[in-house]
Amino acid sequence: MDLGVRWKLHGDGRAPAPGAVVRPDERLSWPRTVGLGAQHVVAMFGASFVAPVLMGLDPNLAIMMSGVATAIFLLATRGRVPSYLGCSLSFVGVAAVIRAQGGTSATVTGAVLVVGVVLFLVGLAVQHFGARIIHAAMPPIVTGAVVMLIGFNLAPVTASTYWPQDQWTALLVMLFTGLSVVCLRGFWSRIAIFLGLVFGYGISWAFDRVFGKIHSMGPGGKVTDHWRLDLSGVSKADWIGLPHFHGPSFQWSAILVALPVVIALVAENAGHVKAVGEMTGDPLDDKLGTAISADGVASVLSTAVGGPPNTTYSENIGVMAATRVYSTAAYWAAAGFALLFGVCPKFGAIVAAIPGGVLGGITVILYGMIGLLGAQIWLNAKVDLRNPLNLVPAAAGIIIGVGNVSMKFTDNFSLSGIALGTLVVITGYHALRAFAPAHLKKQQPLLDEGMSSYDAEAGAQAPRAES
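A few points on the structure. Note that the coordinates shown come from a computational prediction; the quantities given were computed from them, not determined experimentally.

Rules and cut-offs
- Residues numbered from 1 in each chain as written.
- Predicted model: local features only at pLDDT ≥ 70, side-chain atom pairs only at ≥ 80, totals over all residues.
- Heavy atoms only, no water.
- Salt bridge = Lys/Arg side-chain N within 4 Å of Asp/Glu carboxyl O.
- Core = buried A, V, L, I, M, F, W, Y, C linked by side-chain atoms within 4.5 Å.
- Buried < 20%, exposed > 50% of the residue type's maximum accessible area, 1.4 Å probe, protein only.
- Contact = heavy atoms within 4.5 Å.
- Axes fitted to C-alpha atoms, helices over the stretch in contact; angles between N-to-C directions.
- Helix = DSSP H or I, 4+ residues; strand = E, 2+ residues; numbered from the N terminus.
- Parallel < 35°, antiparallel > 145°, perpendicular 65-115°, else oblique.
- Left-handed = near helix turned anticlockwise from the far one by under 90°.
- Nonpolar A, V, L, I, M, F, W, Y, C, P; charged D, E, K, R; others polar.
- Expected span 1.5 Å × (residues − 1).
- Arc of directions from axis to C-beta.
- Patch = residues over 30% accessible without salt bridge, like charges linked within 9 Å, V, L, I, M, F, W, Y side chains within 5 Å.
- Areas by Shrake-Rupley, 256 points an atom, 1.4 Å probe, with all protein chains shown as cover.

1. Considering the pattern of salt bridges
Point 1. With the rule as written, the count across this model stands at 4 salt bridges.
Point 2. Between Asp384 and Arg386 there is a salt bridge; the shortest N-O distance is 3.0 Å.
Point 3. Sharing partners across several salt bridges, the network here consists of Asp166, Asp208 and Arg228.

Given below as structure tokens:
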């Protein structure tokens, strides 16, 4: 059985030939391949390392399981779809809602585990029936609206939790990160979030030295005098050790909050597979269902031991577009680096020590990017918002999701925010379509066709917040 773990040396192994690319079944010399693997890990640092912190999960376990997830994905796709799987930011809002309802880390991972199972089943359905089954339930107007409300539902988290901890640091980090995304070139623009974090650490340390402790709301929500950058946990952490594992806990209320993220993950996978196929010249439509199922399996395995869910990353598409190296050997190297980081508690302690003000500046951009990916889906699919069949359900669902509108059905069961907004978008669209006049029912492109313009240039210019 070909598992895609054999690679031919490309040319002299130093660099792609002029006008050529290093295909998934090829590689450069091993030192260069290992270096590219490290580059991929750094590229996804902003989302995959920050997301578990925002979700309240162990960053060491998160990075370890991202390495395991990447290995599973590469084996499942037989090495045809180069990709690194990292923690999806789409679940940050879900985690915030579940914790606000009194849920624990086990409740969060239990809800997300169910999402992984559903995503696996969706992948099997796509393998059997093709991508049209996705379009039948989730046309671009629905997909874009759900992704948008998931991202914008996070705005209060930044406004009430992170930004107030240190508003001036947050402002400076936001400005620096934005300038890095826009003004830097090549690989440096791909790691703008990482650079913003490093800048934030430096600013927080400098402010502590110059101004002393800050009187503001701390991580626990209480207003106290505290240091902006507290590295006391780093000195206490061991260099080598296993992360903290825990089992999931299942609650229907939490599961219903998390399920809408399936739509975002399907859209992310479709866009990733389509983009890689276009850049490598190898049509990968036959691998879409496999990729979605592999994503689901990886997320189930990660959340079963207490880690976050995983998804494909367009930051890595940008790295591939810039280097013209699509070798899956580099992703195996990246998975190896992730496993090494996972067994270094000191590294996890550094990540966990990210100052609240720094997270305030970073999340302003990250959360906004998640929401605007929904608009990008609409643009790529050429969704006509002048059509009331598209406009009405999307408008209603987004306002419900962003405003965290709640519907109470019984004393023990209610729907609000992301879950209620998604339900309104999906059921509203299909119900209105059943009664709409024929001239409003224009054929829309398939989801994967709507995402197909995620080409090399777009992937290189726009790092993704999530998925």
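Okay, back to it.
2. Structural notes on the nonpolar core
Point 1. Counting residues in each nonpolar core, the largest one holds 98 residues, and the members touching the most others are Leu54, Met55, Tyr84, Val92, Ile354, Tyr367 and Trp378.
Point 2. Setting aside its immediate chain neighbours within four residues, Trp378 contacts Pro140, Ile141, Gly144, Ala145, Met148, Val383, Leu385, Ala394 and Ile398.
Point 3. Core analysis: the second largest hydrophobic core is formed by 5 residues, Val22, Leu36, Val325 and Ala330 among them.

3. Things to note about the packing of helix H9 (residues 155–162) against helix H20 (residues 356–381)
Point 1. Relative to each other, H9 and H20 sit at 165°, their axes nearing to 9 Å. It follows that H9 is roughly antiparallel to H20 by the angle criterion. H20 is crossed by H9, and the crossing has left-handed handedness. Counting all contacts with H9, which are made through Val157, Thr158 and Tyr162, the residues of H20 involved are Gly356, Gly357, Leu359, Gly360, Thr363, Val364 and Tyr367.
Point 2. Residue composition of the contact of H9 with H20, by class: 5 nonpolar, 5 polar and no charged.

4. Considerations on helix H10 (residues 167–183)
Point 1. With 17 residues, H10 extends 24 Å from end C-alpha to end C-alpha; this agrees with the ideal 24 Å at 1.5 Å per step.
Point 2. Listed in full, the buried residues belonging to H10 are Thr169, Ala170, Val173, Thr177 and Ser180. For H10, the angular spread of the buried residues around the axis is 95°, confining them to a single face. What points out from H10, more than 90 degrees from its buried face, is the exposed set Trp168, Leu179 and Val182.

5. Observations regarding a nonpolar patch on the surface
Point 1. A cluster of nonpolar side chains, contributed by Val117, Phe120, Leu121, Leu124 and Val297, occupies part of the molecular surface with about 370 Å² of accessible area.
Point 2. In this fold, Phe120 is placed in helix H6 (residues 105–129).
Point 3. A residue is classified by how much of its surface remains accessible, and Phe120, at 30% relative accessible area, is partly exposed.

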